[in-house]
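Spelled out from the first residue to the last, the chains are:
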Amino acid sequence: MVIYTPACPAGTRPPKESKPKFSVRDLDLFYGSKKALSSVTLKIPQGQVTALIGPSGCGKSSFLRCLNRMNDLNPLARIAGSVFLDGDDIYAQGVDVVQLRARVGMVFQKPNPFPKSIYDNVAYGPRIHGLTKSRHELDAIVIDSLQKAGLYKEVSDSLEGPALRLSGGQQQRLCIARAIAVSPEVILMDEPCSALDPVATAKVEGLIDSLRHQYTIVIVTHNMQQAGRVAQKTAFFHMGELVESGDTGNLFTNPKDVRTQGYLTGRFG
Amino acid sequence: MMDIDRIPAPLKGPQVTRQLARRHRADMRFRLYGLISIGLAFSFILLLMGTLIIKGWPAFIRTEIKLPVAFNSASTPQDQENYDRLLNQFIKKPLSEGAYDNKSLLPLLSAQSYQQLRILLVDGNPLNKDVHFKASSEVDTWLKTRRLNVNKHALTSLTPPQLDALYALEKAGRLCFAFNHSFFTRGDSQEPEIAGIYAALIGSLMTLSVAIVFAFPVGLGAALYLSEFAPRNKFFELLEININNLAAIPTIIFGLLGLAFFLNILKIPRSASLAGGLTLGLVILPIIIISSKTALKTVPMTIRFGALALGASQVQTLFHHILPLSMPGILTGTLLGIVRALGESAPLLMLGMVAFIVDPPKSLLEPATVLPIQIFVWAKNPTAGFVENTSAATLVLLLFLLLLNSIIVLLRRRFERKW
Amino acid sequence: MLSRIIIDHSVKTVLMMATGVTIFITLGVITSILFESVQFFNFVPLGEFLFGSNWSPHASTPGHVVGHFGAFSLFLGSILITLIALSVAGPIGIFSAIYTSFYATPAMRNLIKPVLEMLAGVPTVVYGFFAIVCVAPWMRRLGLTVGLDIATESAIVAGLVMGIMIIPYISSLMDDVLYTLPQSIKDGSLGLGVTYGETIKFALIPAAFPGIASAFLLAVSRAVGETMLVVMAAGMSANLTINPLQPVTTVTVQIVSMLTGDQSFDSPQTLAAFALGLALFIITFVFNYISQRIIKRHQSQHDGH
Ligand SMILES: Nc1ncnc2c1ncn2[C@@H]1O[C@H](COP(=O)(O)OP(=O)(O)OP(=O)(O)O)[C@@H](O)[C@H]1O
Ligand SMILES: [Mg+2]
């Protein structure tokens, strides 16, 4: 259960029990003429939490957005290399981006619930994807998603209330519930706790931990402790390059690269 | 409790692929509706402009009949009767002898041709040359139908002998087109070939001037006071709401106010450009206030504080710093108001500015008309000549508006400033 | 130093006077209309005015009321024409705005928006003329080919042309609202595997709903108050009908027709015009006010988060 990257020493053999969910090969990303990612190669294991860390502007968000092709929306963005999801290249011709994004959900840095009711926020995806045949089934999905997101107890009697009236932490968990409701295989989270206070952060972290058995989770974070708490794997980015990656504990206690060492000890970033 | 595994895994398998294809098709259709809507809106504009241009451009040219004027008599005729007889002679001369009864060809010429002849003969000298006379509207329409392929559905009241004469005149090369400058130099008339927009243009100019002279100082003053000095309290809040509403209420209501106040209380004569101008001033006042306030608001507080900190008084700060900086915005707003006033006609209808105006007003109290009202009056007349005139007047009006709007765009480009 | 104080003071006084004129005008609009209307309602009961169906005011002379002043058919005519106009401008305006704010490239947007706004810059008298020379004959011919008798002056012609006229009122305002929606809503929806069109339909438009509603209200208030176009294209006869192929008359048309004759100022016709003006003022005021309130509430909601 080790992420295979060139940065890994050749001796450590990856155990065979888990096939990677994502396998990224030589990924380059350009915004216009500016190169934001250069030949990133990384495997992301299934059923685990992978944290992406690195100094600001190093390309973590850019990398994350490559995994569900959100960069397609940016006319400047151009990509080279390949990203495999369950062995299929998601940048291949004929891949339906819409389908891809339903399989690879995303939670953003700033909570962004729709200006609708709590119920409608969670029901939004299932309704559009036509996942349910009856109101009853839809209710079940909404309640189940809210429960998984650990929000149901707090909002059970105000499901029709406006989502924008929730607190920041509740809003973020609502966004996670919204993502879960379409039953994705992967959930990408871009600094999901950066707008939250410590209590709300703890809740979201607990939630991430409880979700990892069912979903593959990739999380961008600036918070080393957070990465240590929730992530089994960690990848360190620096100036658009993937410097090193591996088991979180390993990488934190025993970084191979001086840049990783420098970042972890707080010398830059 | 909820069974987690019951929730379907979405978006995999052939059925999902079909569903996705349907959703993508719906997306394409949705986007297409947008394009179609814009296409429709664009074609409306094209249709509108096309109609006006196709119907209007012939009004800028007119038909003239070249008559051989031969006058040797010692005494110049005195009355219209005699001039008409002369004209009748001239028009018959190029024609081979036919069964043209007395004066039946006179209606081919514009009703005012005798005046032109009188001017030619006024000094009593003998004259022997070809002179261009303006043709009547009937002839004008007839020739334009033949040569320019317009007015296809126009009915003609020309009699067969008249038509014969016209064919003969045309064969002799005596029918020709010329620029219709009198369209710009004459006032209204019952005869479409004589009617022009000069009086309306002058009326518009006078009315607009009154409107600006009234609304600009008042509007600017009120905007300055409201944005720089007015205390923040309920009263002024209410006033602002009211000004915003004034900008949006139908202009016809300003007409009612103008009628009640300017005509009934101040006793300004009906149809006078003074009353019309003041009423239009009321219409554009909220526009000027609102856009001036917006312009003043864009001047950053730092500039105010900077000047005040240097010891300038509030009024000095206003005149030396804030006003110059916001002037382009204020001018743009004023121009917007002028654009609005130039095309406005509903409130003027109620002040009696629908009078038949031949000569341009010489003072602000004389009856006047404005270009949009002239268009309104002519538009009711279905004869081909007046449809032409209406379209042409509309083109002139739109041209003025286009000009003003271009100035606005230029002003905005030139002075667009990011603080 | 003293002179500076004097200058300061007099400048302020002058500016205050300008503000006073403005206040005077706002009050003047309301009181003048109210004053004349009250006189009108002295001899015509409000109920008859609002719900009476017989409108034949022209026989009256000052102090001698013989006509009927039931303005119901006028209100009906205004509503009918407004509805026709909205059914033209609504879809076209909405879809144009959606296209310009979500699909068009910046260059296209910069081209399309000003061209659409040209429609709002054309004076209404020009639209009236357009209705007379182009739309009315076309509609008539079109009607004949399908066996309908469409009058030259008819609600449908006036409504259609008015619809063209108010397209930019809807498209422009709505585009402003849609274009400034936060990107996060778009991202949130697209990130769930929702197509772009579905995102617009189910996330963005609902989020902008207040703005759209206020654009519509403003367009309605424009349409109800529009004068020249209906005077030229809709007709003068007060028909109690909702048949769009028939001539109808509107509140604004009757205001004009009451006042373009040679009556004296205190004639019943003139007073009736003021009463109609009051009704028009109230209707448009309410629409504008609600529209402004919706926009304000919407803005503060979005600022708050
Ligand atoms: N839309 C864009 N257009 C152009 N350049 C971009 C865009 N988004 C990001 N970049 C550039 O790409 C680089 C990587 O940005 P990215 O947002 O991925 O960094 P990050 O690691 O997520 O930083 P942070 O921790 O601050 O969120 C930066 O230099 C940024 O300036
Ligand atoms: Mg980032």
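Rules used throughout
Residues numbered from 1 in each chain as written. Chains lettered and ligands numbered in written order. Predicted model: local features only at pLDDT ≥ 70, side-chain atom pairs only at ≥ 80, totals over all residues. Heavy atoms only, no water. Helix = DSSP H or I, 4+ residues; strand = E, 2+ residues; numbered from the N terminus. Rg over C-alpha atoms; globule rule 2.2 N^0.38 Å. Buried < 20%, exposed > 50% of the residue type's maximum accessible area, 1.4 Å probe, protein only. Contact = heavy atoms within 4.5 Å. Salt bridge = Lys/Arg side-chain N within 4 Å of Asp/Glu carboxyl O. Polar contact = N/O pair within 3.5 Å; in protein donor to acceptor, adjacent residues only side chain to side chain. Core = buried A, V, L, I, M, F, W, Y, C linked by side-chain atoms within 4.5 Å. Near = heavy atom within 4 Å. Areas by Shrake-Rupley, 256 points an atom, 1.4 Å probe, with all protein chains shown as cover. Nonpolar A, V, L, I, M, F, W, Y, C, P; charged D, E, K, R; others polar. Axes fitted to C-alpha atoms, helices over the stretch in contact; angles between N-to-C directions. Parallel < 35°, antiparallel > 145°, perpendicular 65-115°, else oblique. Left-handed = near helix turned anticlockwise from the far one by under 90°. Domains from an automatic or database assignment. Buried area = accessible area lost by both parts, 1.4 Å probe. Pairing = 2+ DSSP bridges. 1 Å grid on protein atoms, 1.4 Å probe; cavity = no way out; pocket = protein on both sides within 12 Å on 5 of 7 lines; lining within 4 Å. Points joined across faces, edges and corners; volume = space filled by probe spheres on them.

### Topic: the overall build of chain B
Regarding its fold elements, chain B presents 15 helices and 3 strands. A compact globule built from 419 residues should have a C-alpha radius of gyration of about 22 Å, whereas chain B, at 32 Å, is more than 25% larger. With the C-alpha coordinates of chain B rotated into their principal frame, the extents come out at 110 × 75 × 40 Å. A buried classification covers 52% of the 419 residues belonging to chain B. Taking the intrachain contacts of chain B between residues at least 6 apart in sequence as the baseline, contacts between residues at least 24 apart amount to 76%.

### Considerations on the environment of C:Ser172
Residues and elements named next belong to chain C. Here Ser172 lies in helix H6 (residues 155–179). Residue Ser172 is classed as buried on the basis of its relative accessible area, which comes to 16%. Residue contacts for Ser172: discarding those within four places in its chain leaves Lys113 and Glu117.

### Here's the deal with the pattern of salt bridges
If you walk through the whole model with that rule in mind, you get 28 salt bridges over all chains. Of the charged contacts, one joins B:Lys293 and B:Glu240 as a salt bridge, the two residues approaching to 2.8 Å between their closest N and O atoms. A residue pair is termed long-range when its members are at least 10 positions apart, and B:Lys293 in helix H10 (residues 273–298) and B:Glu240 in helix H8 (residues 234–248) qualify at 53 residues. What makes B:Lys293 buried here is its relative accessible area of 13%. Accessibility expressed as a relative area gives 28% for B:Glu240, which makes it partly exposed. Between C:Arg222 and C:Glu226 there is a salt bridge, and its shortest N-O distance comes to 4.0 Å. Classification of C:Glu226 as buried rests on a relative accessible area of 6%. Through salt bridges with shared partners, one network takes in A:Lys21, A:Asp86, A:Arg103 and A:Glu185.

### Quick notes on the side chain of A:Thr216
Residues and elements named next belong to chain A. Relative to the helices and strands, Thr216 resides in strand E8 (residues 216–220). A polar side-chain atom of Thr216 sits 3.1 Å from the main-chain amide nitrogen of Gly47. If we ignore the near neighbours within four places in the chain, the residues touching Thr216 are Lys21, Ile44, Pro45, Gln46, Gly47, Gln48, Glu185, Val186 and Ile187.

### Concerning the nonpolar core
Grouped together as the largest cluster of nonpolar side chains are 239 residues, with contacts concentrated most on A:Leu146, C:Val29, C:Ile98, C:Tyr127, C:Leu178 and C:Ile255. Ranked by the residues each element gives to this core, the list is headed by helix H3 (residues 72–103) of chain C, at 15 residues. Residues within four places of C:Ile255 in sequence aside, it is in contact with B:Ile252, B:Leu256, B:Met350, C:Ala273, C:Leu276, C:Gly277 and C:Leu280.

### Structural notes on the site of ligand 1
Residue and element names in this part refer to chain A. Close to ligand 1 lie 13 residues, the nearest being Ser56, Lys60, Ser61, Ser62 and His222. Contact between ligand 1 and Gly59: an oxygen atom at 3.0 Å from a main-chain N or O atom of the residue. Taking Ser62, its side chain carries an N or O atom lying 2.5 Å from an oxygen atom of ligand 1. Its free accessible area being 630 Å², ligand 1 has 65% of it covered by the protein chains. Among the secondary structure elements, those contributing two or more residues to the shell around ligand 1 are strand E2 (34–45) and helix H1 (60–67). Counting residues per element, the shell around ligand 1 draws most heavily on H1, which supplies 3 residues. Its residues assigned to classes, the shell around ligand 1 comprises 3 nonpolar, 7 polar and 3 charged.

### Considerations on the packing of helix H3 (residues 118–129) of chain A against helix H4 (residues 135–148) of chain A
Residues and elements named next belong to chain A. Following both chains from N to C, one finds H3 and H4 inclined at 115°, their axes separated by 9 Å at the closest point. Looking at the two axes, H3 sits roughly perpendicular to H4. Judged by the twist between their axes, the crossing of H3 over H4 is right-handed. Contacts from Ile118, Tyr119, Val122, Ala123, Pro126 and Arg127 in H3 reach Arg135, Leu138, Asp139, Ile141, Val142, Ser145 and Leu146 in H4. Classifying every residue of the contact of H3 with H4 by side-chain character gives 9 nonpolar, 1 polar and 3 charged.

### Notes on the domain arrangement of chain B
Residue and element names in this part refer to chain B. Under the domain assignment used here, chain B contains domain 1 (58–116 + 127–180) and domain 2 (198–415). Taking only C-alpha atoms into account, the centre of domain 1 sits 46 Å from that of domain 2. Across the contact, 9 residues belong to domain 1 and 7 residues belong to domain 2. Summed over both sides, the interface between domain 1 and domain 2 buries roughly 510 Å², with carbon and sulfur atoms accounting for 64% of that surface. One can count 1 salt bridge joining domain 1 with domain 2. A salt bridge links Glu388 to Lys144, with the shortest nitrogen-to-oxygen separation between them at 2.8 Å. Residues that form the side of domain 1 that touches domain 2 fall into these classes: 4 nonpolar, 3 polar and 2 charged.

### Things to note about unusual backbone geometry
All names here are of chain A. The residue Arg69 is not glycine, and still its phi comes out positive at about 60°. Here Arg69 is to be found in the loop between H1 and strand E4 (77–85). Given a relative accessible area of 12%, Arg69 falls into the buried group. The backbone of Ser183 sits at a positive phi, close to 50°, despite the residue not being glycine. Inspection of the secondary structure assignment puts Ser183 in the loop between helix H6 (168–180) and strand E7 (186–190).

### Topic: the sheet that holds strand E6 (residues 104–107) of chain A
All names here are of chain A. The mixed open sheet is built from 6 strands, whose spatial order is E6-E7-E8-E3-E9-E10. Looking at strand neighbours, the two that pair on one side only are E6 and strand E10 (241–247), the edges of this open sheet. On average, adjacent strands in this sheet sit at an angle of 20° to one another, irrespective of strand direction. With 4 bridges joining them, strand E3 (residues 49–53) and E8 adopt parallel strand pairing. Following the sheet pairing, Ala51 is matched in E8 by Ile219. Against the sheet, H1 contacts E3, E6, E7, E8 and strand E9 (233–238), and its axis sits at roughly 155° relative to E7. Against the sheet, H6 contacts E6 and E7, and its axis sits at roughly 170° relative to E6.

### Observations concerning the sheet that holds strand E5 (residues 88–89) of chain A
Residue and element names in this part refer to chain A. Across the sheet, 4 strands lie side by side as E2-E1-E4-E5; this open sheet has antiparallel pairing. Since the sheet does not close on itself, it has two edges, and those belong to E2 and E5, each with one partner. Both E4 and E5 contribute to a ladder of 2 bridges, which runs antiparallel. Bridge assignment links Leu85 to a residue of E5, and that residue is Asp88.

### Some thoughts on empty space enclosed by the protein
The full count for this structure, using the stated rule, is 6 cavities of 30 Å³ or more. Of the pockets and cavities examined, the largest cavity occupies roughly 100 Å³. Lining of the largest cavity is provided by 15 residues; of these, B:Asp140, B:Asn180, B:Pro192, B:Glu193 and B:Glu388 occupy positions nearest its centre. When contributions to the lining of the largest cavity are tallied by element, the ones reaching two or more residues are strand E1 (61–71), helix H4 (137–148) and helix H15 (384–415) of chain B. Here the lining of the largest cavity is built from residues that sort into 4 nonpolar, 5 polar and 6 charged. When residues of the lining of the largest cavity are assigned to domains, at least three fall in each of domain 1 (58–116 + 127–180) and domain 2 (198–415) of chain B. Empty space within the second largest cavity amounts to approximately 60 Å³. Together, B:Asn242, B:Asn245, B:Leu246, B:Ile249, C:Thr26, C:Val29, C:Ile30, C:Phe281 and C:Phe285 line the second largest cavity. Of the residues contributing to the lining of the second largest cavity, the split by class is 6 nonpolar, 3 polar and no charged.

### A word on the interface of chain C and chain B
Listed per partner, the contact involves 79 residues of chain C and 80 residues of chain B. Counting each side, the surface lost to burial between chain C and chain B is near 6800 Å², with a carbon and sulfur contribution of 79%. At the surface where chain C touches chain B, the tally comes to 1 salt bridge. On inspection of chain C and its partner chain B, the count reaches 8 residue pairs in polar contact (both at pLDDT 80 or more).

### Digging into the packing of helix H1 (residues 14–56) of chain B against helix H5 (residues 124–145) of chain C
For any two helices packed against each other, the geometry comes down to the angle between their axes and how far apart the axes lie. Between H1(B) and H5(C), the shortest axis-to-axis distance is 10 Å and the interhelical angle comes to 90°. Classed by the angle they form, the pair H1(B) and H5(C) counts as roughly perpendicular. On H5(C), the residues that touch B:Leu47, B:Leu48, B:Thr51, B:Leu52 and B:Lys55 of H1(B) are C:Val126, C:Tyr127, C:Phe129, C:Phe130, C:Val133, C:Cys134 and C:Trp138. The class makeup of the residues in the contact of H1(B) with H5(C) is 10 nonpolar, 1 polar and 1 charged.

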